[in-house]
Structures are given as structure tokens and as C-alpha cells.
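Letter by letter, the chains look like this.
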Amino acid sequence: MEFIVFVESAGSPVGIVFSKGIPKERLKPEEPWPALPRATWEPKEPGILSLSLLFRAVWPDVPDLQALGKKLGLTLEDADPWKRVEALGKALLMALEEVRSWPMAARKELSRLLPEGWTLPHPLPPSRPTPPADLDEAFNRLWKKGFSQRKTQREYAAKVAEALERGEIVLLEAGPGTGKTFGYLIPLALSLQKGGRAVVATRTRTLQDQLWKKDLPWLEENLGLRVERALLKGRENYLCLRRLMELEQRLVPEEMLLPLRVLAARNADLDEAAFADPWLIEELRDRPWRCQGQRCRFWGGCPSRRARDAARAAKLVIVNHAVLGVDLATENALLGEYDYLVVDEAHALPQALREALGIELSPKDLPPLLAELHQMDQGEETKILEEVNVRHREFWDAVRSLCPFGRGRLKPEAASFLLKNAGPLCAALESLILALKKKETEPEILAGLMAYKDELERVLSPESGEWVQWFSRDEDVALGLTPLDLADVLNQKLWPKVKAAILTSATLSVARSPRFLSTKLGLPEDAPFFSWPSPFSYEQVRIAILAGLPEPDHEDYPQALASLLKRVVEVAPVKILVLFTAKRTLASVRSFLADVPHLAQGFDGERDQLLQRFKAMSPPAILLGLESFWEGVDLPGKELEILVVARLPFPHPAEPVLEAEAERLRAQGLNEFRELSLPLAVLKLRQGLGRLVRTPTDRGVILIADSRLASRPYRPAFLSSLPVAPKIIHSPEELEVVLREVFR
Ligand code: SF4
């Protein structure tokens, strides 16, 4: 196929003829141009393929041209127009290759973009090797493909295979760099060749996407490990096709709509729509109360419905912890029954399950449902609707007047006061529910209202003492109900139903025992547990405990830590991440850092944005992060060379579930600090420390800026969890010596 790619250059277009994928001939403005199909970045003209729109439709997850260039390894914004045209032409060819494997519906949707004379390249029949016979063969092939031979990864995979074979529930702890993902995916895929269904649950949607888009396709193409698979996220992550069609009436430009139609036809989720404005994404989310279900005329092509159906039919389903929790709460309605379960980042499972099995209500939940009804001109119901609105406002005003700022448990007297206040709201909701039942027209809104009323009553009056009632007040207020004991739920609804389960993470144990986590998850104390340290070398890593600093609660602490950071930057002008547990301390430290290049969470942006900006900064630079920076942050090599822990991460004692758990432990005659706060803090510290060494060649220094670690009796629990023996230092001079050992 021959075509011209051209761009405007100082007012006149320059172009290159591409023939058989190779740039062939340069065209200057004054020369005659052959009559070939044309593609351009600018300007957009009818009959000419718009590359900006094509790229957006093919790679909607790439926010801009610079990021696309990085992804494709091309300089798409070169100042030299010839180089720019050539790079754009190559990107066009890559886009056409990319869509070869797309489903027919998505190719058809994308074809609408093509001007006359263009056709998409035909799909290629998949070519994949025959699957390996066993684990040995699979790993031999993996190593032949250039993967480094990691003894621990092979051992880890053998344990996974053994557990699947024997039907065991095992806890596998493996440090960063072990290669856990292939370590469990390969034996799992091999096992599924013999039959059965499996669910893999990750903590984050990012890891879910990595397994789905990168790891599983790679194993299929390179090792022949093909498993019929599906990806399932929460339904609000999918686009509602009906609302997308409605947007066409609202003058939303085609530059937005076409890529979204292609996205829906590919059954992709909204996490990929990086190009779209947040308001547009919100407009399009599948929300249960506005979904018309089977009555919807787009039911057949509905991405959310198709994703759920695909998940129930697939042999391997990739979900996140939250979806796993929803499936548990709904008796496997989402995923159907399965034989094997792999939970990655399993240290975070209890929290995610508690959230999924619990309830959280805020003043923002009911209004969208009522707004849907308003739009429908309900006639007689208008009055009842008004009543609900008024009672809703009154109820949440009462909640605001009762709940102080912060988070806490809802005491019984407060709960009964609010239950009384919720009476008029529940009565008004009941009238509305009855009126809608009579009309039989809006089953989804009716179901939403019934669920809301039921949840409100449960939050204020739970059926047993196994639930923790709580409030949270920040910019706005929320009420919630969280199960106290997960062990019972899991022992009834999960463990007896699966043949085997793998719970894995880099941090499962405290003082080399997984007892804390296994008890929480309802597993026996002697559940099989295996642990492998990170294969990365820690020879170039030093840990120092800064015993000379005031204790973290002391008023002089923020200034002392800031002075120390300035000193560190002078001696070692590298990139530094400081992990905080409290926003107030972060803010105070930040106020003393005006003359040092830094970014702070909550002041300069939120996590993902801050990480991007931090990566782009030249050293020295300091990043001050809160809770969300303790896990899942990947800054290899020179992107991070010093990690500072501003305070040992003990959980806040007033955290409602923690307070209730502590109460229960005390009632059992157990020590709540030793049994609860300490293990939680050790696990979290281990997670935090894992941010520093991300590749085999990483080096650096960890500074624990909490002098309590040098003196308190709980020291051994933390010290035994550190990857190298720490030095206790008392003065800036001693600190300088430690820094110079690494940054000579
Ligand atoms: S079935 Fe529901 S989510 Fe799907 S397109 Fe229709 S209204 Fe939207």
C-alpha cells in the first residue's frame, strides 16, 4: 500500500510517500504530489485520515503525543519537519498493525474513520507454539527467550504447582524481583490445560491491567500457554452505550465520541480512556440505578454486560480484590464457581474484603437516583419526591451536627439518635417505593431506592455485634458499617468452595511468621507458608536509624527532620522519597523546605501526577508522600536513591475497626498492641521499605527518622524485618559517613 503522510511546516505542507511500509520519497510544497491516500496530523480536512483521531482511537490510554512517542519509541514531536513526518508515518503503520487482532465490531467502528482508498490490514491467524508439557519445559523456554534464570522464581513456581496439584491453601512470600507474576501464572495456566476454572485477584487495577495486557498475551504468544480468559472490573469502570448514544445529541465533538465508540466495541473499560475529560467519563459510567438492564436497546452490545458474561464463561478471570469481595457478598453471582484462587498482594486482602462486604453511605448517594426520577416527569410522585429530598437533607444535617471532624466509631447512643432522625426519611422512601411498585416502570431505580433504605437501616441498626458502625467527617460526612471478623465469612463462603488457593505478596509475615495474616483470613495457624527473600543485592544499601532526632510527636520534630533533609541533599544530591503517616507532619516539614526542590502530596497534586512530575525532575529532589506512597510505587535506579520513613507506621488507635478489634482482644485477655498494632506497623514498614530497591543494580540509603526504634522494647519486631542490619546514628556527622559509603 502506498500513501502520503504530511504535516504543515511554516505554513506549507511537507510530506513523505510511504511504500510497503518504508519511507520512499520526500515531497516539498512546490512539487507536484501524486494522487495517493493521505494522512496528516494537521490540518484536518475531509477525505484525509486524521492521525490524531486514529491514534486516540487505537491507543486511548496514552494521554498525549509525547507519551505516545515514548510508548512507540519514536520522536513524534521532532522540530525537523521531515523527521516528524517520518515518525508519524511509522506510528501510522504501527497503529494499523495493532488493530489486526481486534474484534470485528471494533475494526468496523474504526473503519468509519478511514477515508476512501484505505482499508485496515486483514487479521493474521494466530501463530503460537504448542504448549509446554510441564513446568520444566515452560521455564526452559522462558529462559531461552532471554529471561534471567532466577532460582527463587523456579522454586516459587514449583510450590504453586504443588499446591494446585495437592489442593492446598498456601501463603507464599517472595521479595521484589522474584518474578512472582510469571511464577504463579505459568503453573496456573499449565494446570488449567487439564481442566478447572481459576480466579486471579490483584490489589490494584494497574496490576490487573498488566496481567491482562502484557503477561498473559506474552505467555500465549511465546510459550503457547493459551487459556480462555476474561478481565472483570467493577461495573462503574465500563461505559454505558446508551448514554454514549445520548451524548451524540448533546454536541459532544466526534473527536471524543469516535474513540469512545471504538473503546466500547473492543469491550475495553474506562481506565483506558485517558484522553477523555473527567466529566465525560462520569457521564458515561455504568451506574446500576440508571441502567435499564434487559429492557435497554443496547443490551446486546453493552460493554458492562458483556464483560460480566465473559467472566462467568472464562476459564481464567482476572479481577481485583474489590471485585472478589463483591463476588463473595453476592454468593458468586459475578464470577460463578471456580476451583483455584490466586490472590496477589494478599497482605491487602483483609482491608479490601472489609470494604467490599461493608456499607458506606454519604449524602451524595441518593440525589443521583432522585434526579433520574425527576427527569422522568413522575406526575403524582413529584410531591413524594420533594418530601424525600427534604427528609434526606434534614437527616444528613443531623449527621453533620453530631459527628466531629475525623473518623470514629458510632457510639450506640449516637446510632439510636440517628436512627430516630432517619425515621422520616425512611418513611418518605417507603412511600416512594410503594408508588413506583404500583407503576412497575422503573425497576432499576426502584431496586436502588430499596437497597439504599435497607443499607441506611442496617448502618444505623446492624443485626449483630459482629459489625463496626463508624462515621467519617472531612469535607463531607459518611456513615458506614464494616464486618469485624472476616475469618467466619471466608470459612463459610470462600475456603470450602475452592480446591486450592495461593496467597502471595512481598510481605505476608511478621518476625518470619504469617500467623497475623492467616488468622485474619480464617486460615489455620499452621497453613503452609514459604518465604523467599528478594534476589536483589543489598550490598549497596545502608539503613540508618536516626536516634538523634526528637521523637515524632515532639513539636521540634518537623523542623529537625527538614534540617536533616537539607543536610542529606547537600551530601547526596539525589532523589529522595519521604514517607509520612500524617498530613499535618508532612505540611509542617514542607513549610521548612522552601529552598529545596520538592513536591508534596496534597499540595502539588496527588499520587500519579506527583510521580510523573518527580520522575521528570533532575536531582536533587524530594517527594513528600502520605499513605498511598507506601505501596505500589516503582521508582527504579536513579529515580529514587534515598528513602526516608518519617515515623513508624503504627495504625491510628481511633480507627474504628482497629478500636473494635482491640476491644475484642482485650476481652480475650490478649495484648492488643502486640497482637494488632505492632504486626500492622511491621507489615506496613516492610511494604514501605520495598520502594527503594527495584532492580538488581539499585543502590541507596534508608533513613528511619523515628528515634523510638533505637530505644523502645518493640524494636526486635521491626529490626528482624529489615533487609540489612541498621546502624544507629546520633549526629549529622555520622549520617554523612553512612551517605558517603554509598554516594562516594
Ligand atoms: S444495559 Fe445498562 S449499562 Fe448497558 S448500555 Fe444499556 S443502560 Fe447502559
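Since we're looking at a predicted model, the values are computed, not measured. What you see as residue numbers is a count from 1 along each chain, following the sequence as written. A pLDDT threshold of at least 70 governs which residues receive local features in this predicted model, and a stricter bar of 80 or more applies before side-chain atom pairs are shown or counted, although totals over entire chains, interfaces and linings include all residues.

Participant: Which residues make up the site of the ligand, and what values do they have?
Facilitator: Each residue gets a C-beta atom placed from its backbone. If that atom is within 6 Å of a molecule or strand, the residue is near it. Surveying the vicinity of the ligand reveals the residues Cys240, Leu241, Arg242, Asp286, Cys291, Gln292, Cys296, Phe298, Trp299, Cys302, Ser304 and Arg305. Counting residues per element, the ones that place at least two in the shell around the ligand are α9 (241–248) and α12 (303–313). Note that Gly is not counted as nonpolar here; it falls among the polar residues with everything else outside the nonpolar set of Ala, Val, Leu, Ile, Met, Phe, Trp, Tyr, Cys and Pro and the charged set of Asp, Glu, Lys and Arg. Grouping the constituent residues of the shell around the ligand by class yields seven nonpolar, two polar and three charged. Note on conventions: DSSP H or I runs of at least 4 residues are helices, E runs of at least 2 residues are strands, and numbering of each starts at the N terminus.

Participant: So what's going on with helix α5 (residues 135–144)? Residues and values would help.
Facilitator: Burial is judged by counting the other C-beta atoms within 10 Å of a residue's own C-beta: 20 or more makes it buried, 12 or fewer makes it exposed, and any count in between marks it as partly exposed, with every C-beta position built from the backbone. All of the buried residues in α5 are Ala138, Phe139 and Leu142. An end-on view of α5 places all buried positions within 90 degrees of arc, on one side of the element. Those residues of α5 that are exposed and angled more than 90 degrees off the buried face are Asp136, Asn140 and Lys144. Each residue gets a C-beta atom placed from its backbone, and two residues are in contact if those atoms lie within 7 Å. Contact partners of the buried residues in α5: α6 (151–166), α7 (180–193) and α8 (205–223). The first or second residue beyond α5 is glycine 146, which carries a positive phi of 100 degrees. This arc is taken over the directions from the axis of the helix to the C-beta atoms.

Participant: I'd like a description of the nonpolar core, backed by residues and values.
Facilitator: Ranked by size, the top nonpolar core spans 172 residues in total, and within it Leu188, Leu239, Val317 and Val644 carry the most contacts. No other element matches the eight residues that α7 contributes to this core. With near-sequence residues (within four places) excluded, leucine 188 lies in contact with Val160, Leu164, Ala198, Tyr340 and Val342. The term nonpolar core refers to a group of buried residues, namely Ala, Val, Leu, Ile, Met, Phe, Trp, Tyr and Cys, whose C-beta atoms join them within 7 Å. In this structure, Leu425, Leu456, Val459 and Val468 belong to the second largest nonpolar core, which totals 35 residues.

Participant: Any chance you could break down the sheet that holds strand β23 (residues 727–729) for me, citing the residues and the numbers?
Facilitator: Ordered by their spatial adjacency, seven strands build an open sheet running β19-β20-β18-β21-β22-β17-β23, and the pairing between neighbours is parallel. Edge strands, defined here as strands with exactly one partner in the open sheet, are β19 (598–600) and β23. In this sheet, neighbouring strand axes are inclined to one another by 20 degrees on average, regardless of whether the strands run parallel or antiparallel. Strands qualify as paired when DSSP identifies two bridges or more between them. Each axis is a line fitted through C-alpha atoms, taken for helices only over the stretch in contact, and angles between the N-to-C directions span 0 to 180 degrees.

Participant: An account of unusual backbone geometry is needed here, citing residue identities and associated values.
Facilitator: Note: most peptide bonds trans; most residues except glycine with negative phi. Along the chain, proline 619 connects to proline 620 via a cis peptide bond; the corresponding omega equals 0 degrees. Structurally, the position occupied by proline 620 is in the loop between α23 (607–616) and β20 (621–625). One non-glycine residue, asparagine 332, adopts positive backbone phi at about 65 degrees. Tracing the chain through its elements places asparagine 332 in the loop between α13 (321–329) and β10 (340–343). Not every positive phi belongs to a glycine, and arginine 512 is a case in point at roughly 65 degrees.

Participant: Give a description of the packing of helix α4 (residues 104–111) against helix α10 (residues 254–265) that names residues and reports values.
Facilitator: The packing of two helices is summarised by the inter-axis angle and the distance between the axes. It is the contact of α4 with α10, at a shortest axis distance of 8 Å, that shows an interaxial angle of 165 degrees. The orientation of α4 relative to α10 falls into the category roughly antiparallel. Considering only the axes of α4 and α10, their crossing is right-handed. Here Ala105, Ala106, Glu109 and Leu110 of α4 lie close against α10, whose contacting residues are Arg261, Val262 and Ala265. Along the lines of polarity and charge, the residues of the contact of α4 with α10 split into five nonpolar, no polar and two charged. Should an angle fall under 35 degrees it is taken as roughly parallel, and over 145 as roughly antiparallel, whereas 65 to 115 is taken as roughly perpendicular and any remaining angle as oblique. Helix crossings get a hand from a simple test, with the near helix turned counterclockwise from the far one by less than a right angle marking a left-handed crossing and a clockwise turn marking a right-handed one.

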